[in-house]
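A look at the structure
Letter by letter, the chains look like this.
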Amino acid sequence: MVDLSDRQIGAEIVAACRSGDRDAFRVVYDTYKDRVYSIALYFFHGDPAAASDVTQQIFLKLMTSMGQFRGDAEFSTWLYRLVVNACLDAARRRKSDAVVSDRSCLEAFAAPGSQEEEYSRAQMASSVRAAVSALPPKFRMAVLLRYFEDLSYEQMAKALHCSMGTVASRLSRGHRMLAERLRGLIQG
Amino acid sequence: MFTRHVSRQLAAHIDGELAPSRARQVELHAAQCAQCRAEREQVRFGMETIERLPPVEAPDAIWVSIEAALRERQSQKAWAARRWRWAFAATAVLVLLGAAYWSVAHRSDARWDVVRIDGSPTVIRAGKWIETDSASSATVKIGDIGSVEVAPNTRLRVVTARPGEHRLALARGEIRAKISAPPRLFFVETVSGTAVDLGCEYTLNTDEAGFGLLQVTKGWVSFQWQGIESLVPAGASCRIRPNVGPGIPYFDDASENMKRALGDGALNVILAEARVRDTLTLWHLLSRVEAEDRARVYDRIASLTPIPAGVSREEALKLDAETLKRLKEELAWTW
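The present account deals with the structure reproduced in this document.

1. As for the interface of chain A and chain B
Tallying the contact residues gives 53 residues for chain A and 46 residues for chain B. Of the roughly 4700 Å² buried where chain A meets chain B, counting both sides, 64% is carbon and sulfur surface. There are three salt bridges connecting chain A and chain B. Where chain A packs against chain B, one counts 20 residue pairs in polar contact (both at pLDDT 80 or more). If you list the elements that add at least two residues to the side of chain A that touches chain B, you get α2 (22–43), α3 (48–64), α6 (117–133), α7 (137–148) and α9 (164–187) of chain A. A total of 13 residues in the side of chain A that touches chain B trace back to one element, the largest contributor, which is α9(A). Its residues assigned to classes, the side of chain A that touches chain B shows 28 nonpolar, 14 polar and eleven charged.

2. Section: the pairing of strand β6 (residues 155–162) of chain B
Residue and element names in this part refer to chain B. Summarising the sheet, strand β3 (residues 129–131) and β6 pair through three bridges and their orientation is antiparallel. Note on β6: the bridge partner recorded for Ile-130 is Leu-156. In terms of strand pairing, β6 meets strand β7 (residues 165–179) through seven bridges, oriented antiparallel. Residue pairing across strands places Leu-156 opposite Leu-170, the latter belonging to β7. Here β6 folds back onto β7, and the loop between the two strands holds two residues.

3. So, unusual backbone geometry
The residue A:His45 is not glycine, and still its phi comes out positive at about 60°. Structurally, A:His45 can be placed in the loop between α2 and α3. Residues other than glycine seldom take positive phi values, yet B:Gln226 does so here, at roughly 45°. Its place among the elements puts B:Gln226 in the loop between β10 (212–225) and β11 (228–233).

4. Overview of the side chain of A:Arg129
With respect to the helices and strands, the residue A:Arg129 is situated in helix α6. Given a relative accessible area of 13%, A:Arg129 falls into the buried group. Here B:Glu330 takes part through its side chain, which lies 2.9 Å from a polar atom of the side chain of A:Arg129. Not counting residues within four places of it along the chain, the set of residues in contact with A:Arg129 comprises A:Tyr42, B:Leu53, B:Glu330 and B:Trp333.

Reading the values: the criteria
Residues numbered from 1 in each chain as written. Chains lettered and ligands numbered in written order. Predicted model: local features only at pLDDT ≥ 70, side-chain atom pairs only at ≥ 80, totals over all residues. Heavy atoms only, no water. Contact = heavy atoms within 4.5 Å. Buried area = accessible area lost by both parts, 1.4 Å probe. Salt bridge = Lys/Arg side-chain N within 4 Å of Asp/Glu carboxyl O. Polar contact = N/O pair within 3.5 Å; in protein donor to acceptor, adjacent residues only side chain to side chain. Helix = DSSP H or I, 4+ residues; strand = E, 2+ residues; numbered from the N terminus. Nonpolar A, V, L, I, M, F, W, Y, C, P; charged D, E, K, R; others polar. Pairing = 2+ DSSP bridges. Buried < 20%, exposed > 50% of the residue type's maximum accessible area, 1.4 Å probe, protein only.

Such coordinate-based values are descriptive only and should not be taken to indicate function.
What follows is the structure in C-alpha cells.
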C-alpha cells in the first residue's frame, strides 16, 4: 500500500468544515488530494485532464455536502464513496472507457527487449499501467482503492456500494486478471 | 475430498480480512487443491505488480479551480439574494448594481500589485512598465494566481490584467514566475515567442535581441512561436532565440555532451547520449529534424522505452498529430 500522508482527519476538522471554515477544508484537501488524484489518474488511463476534472468535482461535492456527513461512518469511507461515484459516473459519460485492449497490452509486452535496466523499468511501469487500464471499471476501482487507500474490506464495501464478499471477489478476480496479463512479460 | 473452490476469497485471505475459522477453511482447501493454490499465487502476484505504480502529486491548479468555483457559487448566491430584494426597492437595485459593477471591475484576481521592492526600481503604473537597474529588484503579485520576481536589469510591461488572462511582455532581463492557476491564464511575451503557463514555476531570461533561457522548476511551460512549440517540464530547460522558434528542451541533468550537441546540431551525439527521460528531447526532435533523420530519432526512442499500443512508426514518421500526441503522453511518464 502507498503511504501518501500520515495525517488523518479528526472530528474537529470535520466540524470546522461543516461550519464553512475554508482553512479546515484546505487541510482536508491537502490530506487527501494526492491519493484521490492518483486513483483518478490511473482510473482514467493516465489522462491528467480527466483526473483533474474529477478530483475537482469530488472536492467541490465534498465541501458542499459536508453538512450531510453525520459522522456515523469514518470520514475517509464517505470521501471514497464520492470518489467511486464520480469516477464511475465520469467513465459512463465518456464515449469509450477501455482505451487499451488485451491485444494491445500483449503487443506492448512483446516489444523488442533490451538488457538496459532503465528500459526494463519503463517497460514494466508502462505494462502495469496498461494492464490496470484494461480492467473493467468496477474491478479497476476496487484494485486502485485497495492500493492507494488502506481501507478495510468493510470500508471498501461501503464506498463501492456492495457487500464485503463482492469486494473480496472483485479484488481476487481483478488481481488475477493483472497477473494473467503481466506474468508473461515479467517471467519471459 | 475437495470442498468448494475458494477463488472469490483469495484476496481477502491474503489481506487478512477473513474470520479465523474461514481463513482456516481456505488454507485447508488450498492445501489440497492445486487450482486454488495457483490462483492464490496469481492474486498475490497481481498485488505485487500494482505496487509498481507510483503515486502522483495532484497539480496545484486543481485547488485554484476549486476556489474559483466556490467564489462563483458564492457570487450566484449573493445575486439571488439581491434579486429578491429588488422586488421591493428599485433604489436598492441601482445601488446593488453599482456595487456589483465595482466588485467585478476590481476583482482581486485581475489586480497586479508591486508588493516588495529592493533598491529603487522604476514602477510606472499608468504605462504599466516596471524597470529595475543593477541594484534593484521587485516582486509583483498577480491577483490570486501567483507572483513574479523581477531580477535586476529587467524591463517588464503589463500587457493584460484581467481574470481570464494575465499577460506580461519581458523586454529584457529575468523574471521568476510562481503560478498556481489553471493552464493558459498567464503568458509572458518575449521577442522570441511566448511562454504559456501550464501551472508551474519557472525562470525566464532574455536579452533585448531575444536570446535567452527558460528553466522550469515545477509543472510545465509551453514556449510558442509561430506554430512551433516546445513543452518544458520541471527540471528541464529550453533556449530561446529570435526568428527561429524555441530550442529543443532538455533535462538539466542531461550529459554535457548532449547539451553541447543540441547547440551544435550534432544528431549522432544526441542519439548516443540520450537516456530514457531524454525522450523529452528526442520527441521534440521528431518534428524538427529533416525527414531522412526522423526514422533514426524514432528508432532511438523505441530502443529506450516501449512504444505504446496504437502508435505506429509509419504514422509517427509522417508527423501525424494524434500519433505524436499519444506517443508524448506515454513518454511523459518518464519526464
